[in-house]
Amino acid sequence: MKLFDVYPLNPIEITKGQGSLVWDNKGQEYLDLYGGHAVISIGHTHPHYVQRLTDQLHKIGFYSNSVEIPLQSQLAELLGKVSGKADNQLFLCNSGAEANENALKLASFYNGRKKVIAFKGAFHGRTSLAVSCTDNPKIVAPVNQTENIIFLPHNDETALERIFSESGNEISAVIIEGIQGVGGIRVATESFLQKLRSLCDQYNAVYIADSVQCGYGRSGKFYSHDFAGVEADIYTMAKGMGNGFPVAGISIAPKFKPWHGMLGTTFGGNHLACAAAVAVLEVIENDKLMENARTIGSYLIEELSKLDKICEVRGRGLMIGIDLPEELSHVKKDLLFKHHIFTGESKPNVLRLLPALNLKREHADRFLDALNKTLNQ
Ligand SMILES: Cc1ncc(COP(=O)(O)O)c(C=O)c1O
């Protein structure tokens, strides 16, 4: 049986990882500033994480949501504390798309409406409703197409006001990334999120903060949307939540009242997933990783802004986009194959840095040095 060939692969086999470093099967070391697509939040094979998962696996790995799983409440309590949303409620699932799917569904149950506002450049996942809210027609299959999604220009307050004044009472939800990831590291402005909040209040629409990529401390705040100083109704999260173990969730404001059967999943919130998620939060808290994301992120952004060959540097904390001119489209490949540094990318030519939140200053310097050499060769 062959693999279904949907991924363009680098000819590299990673066999080992520690912190922000990984090694291939030939023993070559790489600096990982990509984190397997923003997933590695506390570094590869963090000892506390390995210990917690190993201990849990020796006890029990899985049981379904038909029995009490105290680890879920432990996770909810810790998440409430670290994210600063102790009054919210947690629903656990398995991936970012599933988190957004559930958030959109919950919004629609809540206000009985169908229309959703999403934004140009957005990526919300590949399941049916999440992909309909994603601004990439290529990955929307005919069966996913719906007239219920309205795409607006990103950060355009006038367009947002106009649509609400025209059809505010039909709008179920507005879904927005705090920082667009796939869209090229584009930060939602604080005034835009404040406007969005007040319009949602006025029309009883639900503000969904997609924090799948920009959340979990990456921006220097737990949820990057919170820089705007207003609360979202639902925060969705995944990637960094399990440091590689598939676990996702939605943090739900108190005004949403659950009923049995409203949402559900077989795998979501299982023992191993919760152990991974608890371990991640413990490390984020104990090792002060949000502080580190702020410090190293600001350092990187400052140093990168000094490089004159770069068009623009965007982002917050350790979610950084480096916009390069067309003639420098080779940089990502050079960094990987000549300097052994993994980075991400956004089309057409943005280098995306999504490293572990405990990235060290020496690793930031190693990257800056390599980038300088690549830009000037
Ligand atoms: C902002 C955002 N939302 C949702 C998703 C989908 O997450 P998943 O691939 O876990 O379904 C992604 C994935 O890249 C994302 O970046």
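Rules behind the numbers
Residues numbered from 1 in each chain as written. Predicted model: local features only at pLDDT ≥ 70, side-chain atom pairs only at ≥ 80, totals over all residues. Pairing = 2+ DSSP bridges. Helix = DSSP H or I, 4+ residues; strand = E, 2+ residues; numbered from the N terminus. Axes fitted to C-alpha atoms, helices over the stretch in contact; angles between N-to-C directions. Parallel < 35°, antiparallel > 145°, perpendicular 65-115°, else oblique. Left-handed = near helix turned anticlockwise from the far one by under 90°. Contact = placed C-beta atoms within 7 Å. Nonpolar A, V, L, I, M, F, W, Y, C, P; charged D, E, K, R; others polar. Near = placed C-beta within 6 Å. Buried ≥ 20, exposed ≤ 12 C-beta atoms within 10 Å, placed from the backbone. Core = buried A, V, L, I, M, F, W, Y, C linked by C-beta atoms within 7 Å. Domains from an automatic or database assignment.

(A) Molecular detail of the sheet that holds strand β2 (residues 21-24). If you trace the 4 strands from one edge of the open sheet to the other, you get β1-β2-β3-β15, paired in mixed fashion. Every interior strand has two partners, whereas the edge strands, β1 (14-18) and β15 (341-342), have only one.

(B) Representation of the sheet that holds strand β7 (residues 171-177) in the model. A sheet is described by the order of its strands in space; here 7 strands give the open sequence β4-β12-β11-β10-β7-β5-β6, paired in mixed fashion. Either end of the sheet is taken by a strand with one partner, and the two such strands are β4 (89-93) and β6 (149-152). Each strand of the sheet is rotated relative to its neighbour by a mean of 20°, with strand direction disregarded. Both strand β11 (residues 234-237) and strand β12 (residues 248-252) contribute to a ladder of 4 bridges, which runs antiparallel.

(C) Geometry of the packing of helix α3 (residues 70-83) against helix α8 (residues 271-286). One way to put it is that α3 packs onto α8 with a least axis distance of 9 Å and a crossing angle of 25°. Judged by the inter-axis angle, α3 sits roughly parallel to α8. When the axes of α3 and α8 are compared, the crossing they make is left-handed. The residues of α8 that touch α3, namely those facing L71, Q72, Q74, L75, L78, L79 and V82, are H271, C274, A275, A277, V278, L281, I284 and E285. Considered class by class, the residues forming the contact of α3 with α8 number 11 nonpolar, 3 polar and 1 charged.

(D) The arrangement of the site of the ligand in detail. Close to the ligand lie 14 residues, the nearest being G96, A97, G125, V212 and Q213. When residues of the shell around the ligand are assigned to their parent elements, the largest contribution, 3 residues, is made by helix α4 (residues 96-111). In terms of residue class, the shell around the ligand is made up of 5 nonpolar, 7 polar and 2 charged.

(E) Spatial organisation of unusual backbone geometry. Cis geometry is found at the peptide bond from K347 to P348, where omega equals 0°. Looking at where P348 falls in the secondary structure, it is placed in the loop between β16 (344-346) and β17 (350-353). The phi dihedral of T45 falls on the positive side, at around 45°, and the residue is not glycine. Relative to the helices and strands, T45 resides in the loop between α1 (35-38) and α2 (47-59). According to the C-beta neighbour criterion, T45 is partly exposed, with 15 such atoms within 10 Å. Phi at Y216 is positive, roughly 60°, even though this residue is not glycine. Residue placement: Y216 occurs in the loop between β10 (206-210) and β11. Residue classification places Y216 among the buried positions, given that 33 C-beta atoms sit within 10 Å.

(F) Fine view of the nonpolar core. One finds V174, I208, I234, A276, A277 and V280 to be the most contacted residues of the largest nonpolar core, which totals 111 residues. In terms of residues, this core owes the most to one element, α8, which gives 12 residues. Not counting residues up to four positions away in its chain, the partners in contact with V174 are I117, L196, C200, A205, Y207 and I208.

(G) Summary view of the domain arrangement of the protein chain. In terms of domains, the protein chain is made up of domain 1 (14-46 + 288-376) and domain 2 (47-286). Computed over C-alpha atoms only, the centres of domain 1 and domain 2 are separated by 25 Å. Each partner contributes to the interface: domain 1 provides 25 residues, whereas domain 2 provides 29 residues. Taken together, the elements giving at least two residues each to the side of domain 1 that touches domain 2 come down to α1, α9 (289-305), β13 (312-316), β14 (319-323) and β17. Residues that form the side of domain 1 that touches domain 2 fall into these classes: 12 nonpolar, 9 polar and 4 charged.

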